[in-house]
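Structural overview for review
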Amino acid sequence: MTTRTLVDAGTPGTGPAAGSPEAAATRRPGLPSTTATCVAVVAVAVVLSVVVGARAVPLTAVWSDTHPLHPVVEARLERTLLALAVGAALGLAGALMQGLTRNPLADPGILGVNAGATFAMVIGMTAFGANALSQFLPLAFAGAALATVLVHAIAALGRDGATPMKLAITGAALTAGLMSWTTGLLLADRKTMESFRFWQVGTVGGRGLDVLLVGAPFLVAGAVLALTGARLLNTLALGDDLARGLGRRTTRDRLVLGLAIVLLAGTATALTGPIAFVGLVVPHVVRGFVGPDYGRVLPFSMLAGAALVVLADTVGRVVLPPAEVQVGIMAAAVGVPFFLFLIRRTGRSL
Amino acid sequence: MTITAPPLETSAGAAPPTLEAVDVVRRARRAPSRRHRLLVSGLALLVLGAFAARVLLGDYTVTVVDFFRILFGEEIPGATYIVMESKLPRAVLAVLVGLAFGVGGAIFQTTLRNPLASPDVIGVSLGASAAAVTAIALAGWSGWPVSAAAVAGALAVAMTVRAVAGDHSGFRLVLAGIGMAAAMQSTIQYVFTRVDEYDVQLVLRWLTGSVNGVAWSTIGLLALCLAVLLPATLLVARALPVTELGEDVAAGLGVRRSRTDGLMLLGVLLIALGVAAAGPVAFVAFLAGPIARSLNQGRTTLPAAGLVGAVLVLVGDYAGAYAFADLNLPVGVVTGAFGAPFLLWLLVRGGRRTGSRTGRTSA
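Thresholds, definitions, all that
- Residues numbered from 1 in each chain as written.
- Chains lettered and ligands numbered in written order.
- Predicted model: local features only at pLDDT ≥ 70, side-chain atom pairs only at ≥ 80, totals over all residues.
- Heavy atoms only, no water.
- Helix = DSSP H or I, 4+ residues; strand = E, 2+ residues; numbered from the N terminus.
- Buried < 20%, exposed > 50% of the residue type's maximum accessible area, 1.4 Å probe, protein only.
- Contact = heavy atoms within 4.5 Å.
- pLDDT = per-residue confidence, 0-100.
- 1 Å grid on protein atoms, 1.4 Å probe; cavity = no way out; pocket = protein on both sides within 12 Å on 5 of 7 lines; lining within 4 Å.
- Points joined across faces, edges and corners; volume = space filled by probe spheres on them.
- Salt bridge = Lys/Arg side-chain N within 4 Å of Asp/Glu carboxyl O.
- Buried area = accessible area lost by both parts, 1.4 Å probe.
- Phe/Tyr/Trp six-rings, centres within 6.5 Å; stacked < 30°, edge-to-face > 60°.
- Axes fitted to C-alpha atoms, helices over the stretch in contact; angles between N-to-C directions.
- Parallel < 35°, antiparallel > 145°, perpendicular 65-115°, else oblique.
- Left-handed = near helix turned anticlockwise from the far one by under 90°.
- Nonpolar A, V, L, I, M, F, W, Y, C, P; charged D, E, K, R; others polar.
- Core = buried A, V, L, I, M, F, W, Y, C linked by side-chain atoms within 4.5 Å.
- Polar contact = N/O pair within 3.5 Å; in protein donor to acceptor, adjacent residues only side chain to side chain.

In terms of helices and strands, chain B carries 15 helices and zero strands. Here chain B, with 363 residues, has 52% of them falling under the buried criterion. Nonlocal contacts in chain B, meaning residues at least 24 apart in sequence, comprise 75% of its contacts between residues at least 6 apart.

Here you go:
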């Protein structure tokens, strides 16, 4: 309990339970029931994702190979798996970023990580003719890493250091500038533009399992780094001075966690295009259920992120027929009101 | 305390101001206004120069004599078409939207007292743009209803941001605006995936901003609107220096909030009209205000901001058209690519200074 109290004290405004940890802990549902609920939500989301769409599929078609709708099921299963993986990665990356920067507004989309990955990939497409995912991945990593470092370095300059406000504005400015450069490159290259406009919104449709398989090793590596980093985050949440006093090498810790963020967000962007706001919403909701301990926040953020992206993709298929609303746009539709709500609630503390 | 507070008896029983003191005060008040007049006329000359360069130079050079012959109706094969259908409308539109964005941006930055609260950072331009693309691509509108949709979109975003930010017009407003900008961006991107391949260029205009290929009728309409709006703005804006002191002080000095709200409304209209004509030319509204301010020794000046905006769009369009061989970039790409570093620089510099939160340091 002492650890949690300390963590709470070190992270003002990051979780609903920040005020009174004891009281909140007793009100919170137990860990087993939370796990069960979370897994159940993911399972329901997966089933819905297979069944719901432009064409409803009966569950029997899932099991029988000979059912006329079985190919539809296969296609939907593939995109569901991709959505699960990307959602888990984004949820985890968001939780990591929020912990690492002690910034309640951190999200790979808002802080320019996605824009960096996108820009690097478009440079690769137009300048070097890159067209395979294996070529996109290193580009996306490089772009994501550069953007992360740039945003934090620029925001950290000046008197107050990297406040959440300055990080968000720096991220927005960098995103706007990179988008202009990206558009400039695309205008020079009509063919890339045609494929790019569909990729740019973030979608899990029309991508096969092979895409996921290429990205999987990087996602797994990032997830392992992230999950083993839970204790680092808990210590960092105490503040740099205290963390150093407890024997942590904070710079090295930050680099390890930063690498995990780049792997997770970079791969997700390379696989599906930029999806913002998942990483923002998920950790906040999760903290409301499990408290501020990153040992719990990280795994539950994975589960909740996966569920959110799968559900967003499913709803997007039916919300504005006949066309699909891509998951990146659905995520913004959920995420923007949440972002505005967070700003109102955190108020002056920003 | 002892330094700033003068001895009581001097301030209470002050002698009537001498002639000399009146003269000093008068000169002190005149100097900035003389400087301002000089600045505005200098900038007007700069706009004229950039305008001339845009029309006469480039890949097809036209002499001044030929230009006036063309303007007064003489047909010169080839040249007439290029000047009347491409170069001249582009340059005129650049000046008009530059004025609109420059003045509109400066209104936002000064009434909200934050250099970051420019219409393109807080999503107002993108709101106009998103409403316009939706009207064109999904509802099939064209002509003036599209412009009306753009104005409605800009107003809706401005009101939402203001409502979310509440009374704290500083950081919360900028953050709420960033969120709204992201929402508008994804709306535009969604529409972008719904149009067919031939409309991509059209939609792209609404994503980046371009002064290329606009009909004379649109330009005329914009000119007419600006001819009404800009003088009205300057009239209402006489209260600006007071509102910059903060809402409470302004109210205490007799400037009612409805007046600043009216000014904001004019700012939204200017931005929305500019976007309706040329798309959200990135960062012009953001850059023009601070540049004009620093040229004017830190004093807000709407006329100068408008002229700086016009120069930015003219130069950006010229660079986009001719700076890169066999590539015709829309002006919004150029201003966006070079405006973002400036925003970052402003952020870094603003953080170093104590007064950064008031917006006065943007000078």
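Right, picking up where we left off after that structure.
Residues and elements named next belong to chain B. Here chain B averages 81 in pLDDT, while 85% of its residues score no lower than 70. Across chain B, the secondary-structure element scoring lowest on mean pLDDT is helix α1 (residues 8-12), at 45, and the one scoring highest is helix α14 (residues 302-322), at 93. Taken as a whole, residues 1-13 scores under 50 in pLDDT and shows one contact with residues more than four places along the chain or in a different chain. Scored below 50 in pLDDT, residues 351-363 makes 34 contacts in the model with residues more than four places away or belonging to other chains. Scored by ipTM, the complex comes to 0.79, with pTM at 0.81.

The final tally for this structure, using the stated rule, is five cavities of 30 Å³ or more. The volume enclosed by the largest cavity comes to roughly 940 Å³. The wall of the largest cavity is formed by 46 residues, among which A:T175, A:A176, A:M179, B:A182 and B:Q185 lie closest to the centre. Contributions of two or more residues to the lining of the largest cavity are made by α6 (113-128), α8 (164-187) and α16 (327-346) of chain A together with α5 (124-138), α7 (171-194), α8 (200-208) and α15 (331-352) of chain B. Residue contributions to the lining of the largest cavity peak at 10 residues, all from α8(A).

One pass over the full model with this rule turns up seven salt bridges over all chains. Between A:D253 and A:R252 there is a salt bridge; the shortest N-O distance is 3.6 Å. With its nearest N and O atoms 2.8 Å apart, the salt bridge here joins B:D317 to B:R90. Of this pair, B:D317 sits in helix α14 while B:R90 sits in helix α4 (residues 79-111); the two residues are 227 residues apart in sequence, bridging distant segments of the chain. The same class applies to B:D317 as to B:R90, namely buried. Each member of the salt-bridge network shares a partner with another, and the members are A:R79, A:D313, A:R317 and A:E324.

This paragraph deals with the interface of chain A and chain B. Counting residues at the interface gives 46 residues for chain A and 49 residues for chain B. Here chain A meets chain B over a buried area of about 4,100 Å², counting both sides, of which 74% is carbon and sulfur. Considering only the side of chain A, the residues that lose the most area to chain B are A:I169, A:R197 and A:R344, jointly responsible for 15% of the buried surface there. Across the chain A-chain B interface, the total number found is zero salt bridges.

Residues and elements named next belong to chain A. In this structure, R102 takes a positive phi of about 50 degrees despite not being glycine. Overall, the relative accessible area of 30% leaves R102 in the partly exposed class. At F277, a position not held by glycine, the phi torsion is positive, near 75 degrees. Its place among the elements puts F277 in the loop between α13 (250-272) and α14 (278-290).

As a further point, take the packing of aromatic side chains. In total, this model carries 10 aromatic pairs over all chains according to the counting rule given. When the ring of A:F141 is compared with that of A:F218, the centres are 5.1 Å apart and the planes differ by 55 degrees; the resulting orientation is tilted. One end of the pair, A:F141, is in helix α7 (residues 133-156); the other, A:F218, is in helix α10 (residues 209-228), and 77 residues separate them in sequence. Ring geometry for A:F277 versus A:F339: centroids 6.1 Å apart, planes at 70 degrees, classification edge-to-face. A residue pair is termed long-range when its members are at least 10 positions apart, and A:F277 in the loop between α13 and α14 and A:F339 in helix α16 qualify at 62 residues. Assessed through its relative accessible area of 1%, A:F339 is described here as buried. Each residue in the set B:F283, B:F286, B:F342 and B:W345 is aromatic and connected to the rest through ring pairs, giving one cluster.

Our focus in this paragraph is the side chain of B:S125. Inspection of the secondary structure assignment puts B:S125 in helix α5. The contact partners of B:S125, leaving out residues within four places of it in the chain, are B:P119, B:D120, B:I271, B:V275 and B:P280.

It is worth spelling out the packing of helix α6 (residues 144-165) of chain B against α7(B) at this point. Residues and elements named next belong to chain B. For the pair α6 and α7, the least separation of the axes is 8 Å and the interaxial angle reads 140 degrees. The angle between α6 and α7 places the two elements in the oblique class. Regarding α6 and α7, the two cross each other, and that crossing is right-handed. Counted together, V157, T160, V161, V164 and A165 of α6 and R172, L173, A176, G177, M180 and M184 of α7 form the full contact between these two elements. Taken together, the residues of the contact of α6 with α7 break down into eight nonpolar, two polar and one charged.

As a further point, take the nonpolar core. Ranked by internal contacts, the top residues of the largest apolar core, which has 209 residues, are A:L96, B:L93 and B:V97. Looking at which element gives the most residues to this core, the answer is α4(B), with 16 residues. Once residues lying within four places of it in the same chain are set aside, the contact partners of B:V97 are B:V211, B:L222, B:G274, B:A277, B:A278 and B:V313. A:V50, A:A61, A:L69 and A:V73 belong to the second-largest nonpolar core, a separate cluster that totals five residues.

On to the side chain of B:R54, then. All names here are of chain B. Take R54: it is sitting in helix α2 (residues 19-56). Looking at R54, the relative accessible area reads 2%, which means it is buried. In terms of polar contacts, R54 uses its side chain to reach the side chain of D317, at 2.8 Å. If near-sequence neighbours (up to four positions away) are discounted, R54 is found in contact with K87, R90, A91, L314, D317, Y318, A321 and Y322.

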